[in-house]
Amino acid sequence: MQTVNTLGTLREAVEILRQSGPVALVPTMGALHEGHLTLVREAQKRAAHVVVSIFVNPRQFGPNEDLDAYPRQMAQDTRLLEAEGTALLWAPDVAEMYPEGFATNVSVSGVSEGLCGASRPGHFDGVATVVGKLFNQVRPDLALFGEKDWQQLAVIRRMARDLDLTFPHVDAIIGVPTVREADGLAKSSRNQYLSPEDRQAAAALPAAMHRAIAALVGGEAAGTALAALQSDLRAAGFHTVDYAELVDAASLQPLAAPGTAPARLVVAARIGTTRLIDNMPVG
Ligand SMILES: Nc1ncnc2c1ncn2[C@@H]1O[C@H](COP(=O)(O)OP(=O)(O)OP(=O)(O)O)[C@@H](O)[C@H]1O
Ligand SMILES: CC(C)(CO)[C@@H](O)C(=O)[O-]
Ligand code: BAL
């Protein structure tokens, strides 16, 4: 695996790879776990070469968020990616990604606005800006993202469509199902922040979501099922529920009940100092 830190060397290295087959991009912020490695393996099934980016993107963190605390473990990440047969690791620093004078912001209306967009103002502008840059830097044939970040995936698909990004073609933005721990908790780099007690309690999140989904599918009103979900989370030790909503899976608009279009249960809740998100299909 080659690691590159400058745009010039990235472009040269990708051009060489492209001569012998399609290139898949897996964007990450590092602190890699089985969720990320699953994206790499899915990428390998679909392309000759996999490029992984690791960049902790300051523009997607709010002023009081965990940018400084975010885990950085480049040596371990490099070993993990090498073991997976990754072709290229793109690891720019902040000055390479956002050189002096950088002044552009990509802002996606609609799908960005509710849910995490409401509780993390500016977050999806930061995500759309950096992912737009990554697409143009690597010009991959396809790119893979986790369904764990369901709203992020919707924002990126909208941005790629709206900006006519040819690399990748919009159908080549692939969502990969959430990889979970044995007790159901979605794997996340931020799980590292959890104390042992909070880690145990956090399994209540997927469990409460499964109960709410069973109630919704059984015909319970969304208001009642979502209120029960919130009280289950509070009882388990989550002190804040940023949102717990039934939404249309594509538009992310709230729904009163699961209907004919695919629906999704989406939740963000805080335990200790950690904010966890999860989502699941309903019906
Ligand atoms: N459990 C998971 N299953 C599948 N994909 C995942 C999982 N966790 C993260 N991903 C995907 O990996 C990519 C990189 O995510 P990122 O580096 O932010 O990791 P993360 O574990 O989501 O971290 P965070 O704690 O910041 O949310 C994203 O496309 C994300 O959706
Ligand atoms: C897509 C992404 C790498 C952009 O910084 C990030 O939001 C993430 O890791 O999900
Ligand atoms: N996985 C989403 C990145 C973030 O929370 O900033």
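What you see is a predicted model, and the numbers here were worked out from it, not measured in a lab.

The rules we used
- Residues numbered from 1 in each chain as written.
- Chains lettered and ligands numbered in written order.
- Predicted model: local features only at pLDDT ≥ 70, side-chain atom pairs only at ≥ 80, totals over all residues.
- Pairing = 2+ DSSP bridges.
- Helix = DSSP H or I, 4+ residues; strand = E, 2+ residues; numbered from the N terminus.
- Axes fitted to C-alpha atoms, helices over the stretch in contact; angles between N-to-C directions.
- Contact = placed C-beta atoms within 7 Å.
- UniProt positions renumbered as here; feature names shortened; annotations may be inferred.
- Near = placed C-beta within 6 Å.
- Nonpolar A, V, L, I, M, F, W, Y, C, P; charged D, E, K, R; others polar.
- Core = buried A, V, L, I, M, F, W, Y, C linked by C-beta atoms within 7 Å.
- Buried ≥ 20, exposed ≤ 12 C-beta atoms within 10 Å, placed from the backbone.
- Domains from an automatic or database assignment.
- pLDDT = per-residue confidence, 0-100.
- Expected span 1.5 Å × (residues − 1).

### What to know about the sheet that holds strand E4 (residues 88-90)
Read from one edge to the other, the open sheet built from six strands follows the order E1-E4-E3-E2-E5-E6, with strand pairing classed as parallel. The sheet is open, and its two borders are formed by strand E1 (2-4) and strand E6 (173-176), each paired with just one other strand. Strand-to-strand twist in this sheet, taken as the mean axis angle between neighbours without regard to direction, amounts to 25 degrees. By the bridge criterion, three bridges tie strand E3 (residues 49-54) to E4 in an arrangement that is parallel. Each bridged residue has a counterpart across the sheet, and for Val52 the counterpart in E4 is Leu89. The strands that helix H6 (residues 123-138) touches are strand E2 (23-28), E3, E4 and strand E5 (142-146); relative to E2, the one it contacts most, it runs at about 150 degrees.

### A word on the UniProt feature "binding site: beta-alanine" (unreviewed entry) in the protein
Here, UniProt's "binding site: beta-alanine" (unreviewed entry) annotation points to Gln60. Note that Gln60 resides in the loop between E3 and helix H3 (74-83). In this structure, Gln60 is in contact with His123, Gly126, Val127 and Val130, ignoring residues within four places of it in sequence.

### Description of the site of ligand 2
Around ligand 2, the surrounding shell consists of Pro27, Thr28, Met29, Asn57, Gln60, Val127, Val130, Val131, Asp149 and Gln152. When the residues that make up the shell around ligand 2 are grouped by side-chain class, the tally is five nonpolar, four polar and one charged.

### Comments concerning the sheet that holds strand E9 (residues 274-282)
The strand order across the open sheet built from three strands is E7-E8-E9, with neighbouring strands paired in antiparallel fashion. Each edge of the open sheet is held by one strand with a lone partner, namely strand E7 (240-248) and E9. Sheet twist, expressed as the average angle between the axes of neighbouring strands with direction ignored, equals 10 degrees. The sheet contact formed by strand E8 (residues 263-271) and E9 spans nine bridges and is antiparallel. Bridging from a neighbouring strand, Ile271 pairs with Thr274 of E9. Lying over the sheet, helix H10 (residues 222-236) contacts E7 and E8, oriented at roughly 150 degrees with respect to E7.

### A few points about the nonpolar core
Judged by nonpolar contacts, the single largest core of 74 residues is most densely connected at Ala24, Val51 and Leu205. When residues in this core are grouped by element, the largest group, eight residues, is from H6. Shared between two domains, this core holds at least three residues of each, these being domain 1 (2-176) and domain 2 (189-282). Residue contacts for Leu205: discarding those within four places in its chain leaves Leu185, Leu233, Val267, Ala269, Leu276 and Asp278.

### Details of the domain arrangement of the protein
Structurally, the protein comprises domain 1 (2-176) and domain 2 (189-282). Computed over C-alpha atoms, the centres of domain 1 and domain 2 are 26 Å apart. Each side of the interface is counted separately: domain 1 has twelve residues, and domain 2 has eleven residues. When residues of the side of domain 1 that touches domain 2 are traced back to their parent elements, those giving at least two are helix H5 (115-119) and helix H7 (150-162). Here the residues of the side of domain 1 that touches domain 2 sort into eight nonpolar, four polar and no charged.

### Looking at the confidence of the model for the protein
For the protein, mean pLDDT is 96; residues scoring 70 or higher make up 98% of the total. Across the interfaces of the predicted complex, the ipTM metric reaches 0.98, alongside a pTM of 0.97.

### Considerations on H7
Spanning 13 residues, H7 covers 19 Å between terminal C-alpha atoms, matching the ideal 18 Å at 1.5 Å per step. Taken residue by residue, H7 has Trp150, Gln151, Gln152, Ala154, Val155, Ile156, Met159 and Ala160 as its buried positions. Asp164 lies just past H7 and shows a positive phi near 50 degrees.

### Let's talk about unusual backbone geometry
Here the phi dihedral of Leu115 falls at roughly 50 degrees; this positive angle occurs in a residue that is not glycine. Within the secondary structure, Leu115 sits in helix H5. Residue Leu115 is classed as buried on the basis of its 24 C-beta neighbours within 10 Å. With a phi close to 50 degrees, Asp164 is a non-glycine residue in the positive phi region.

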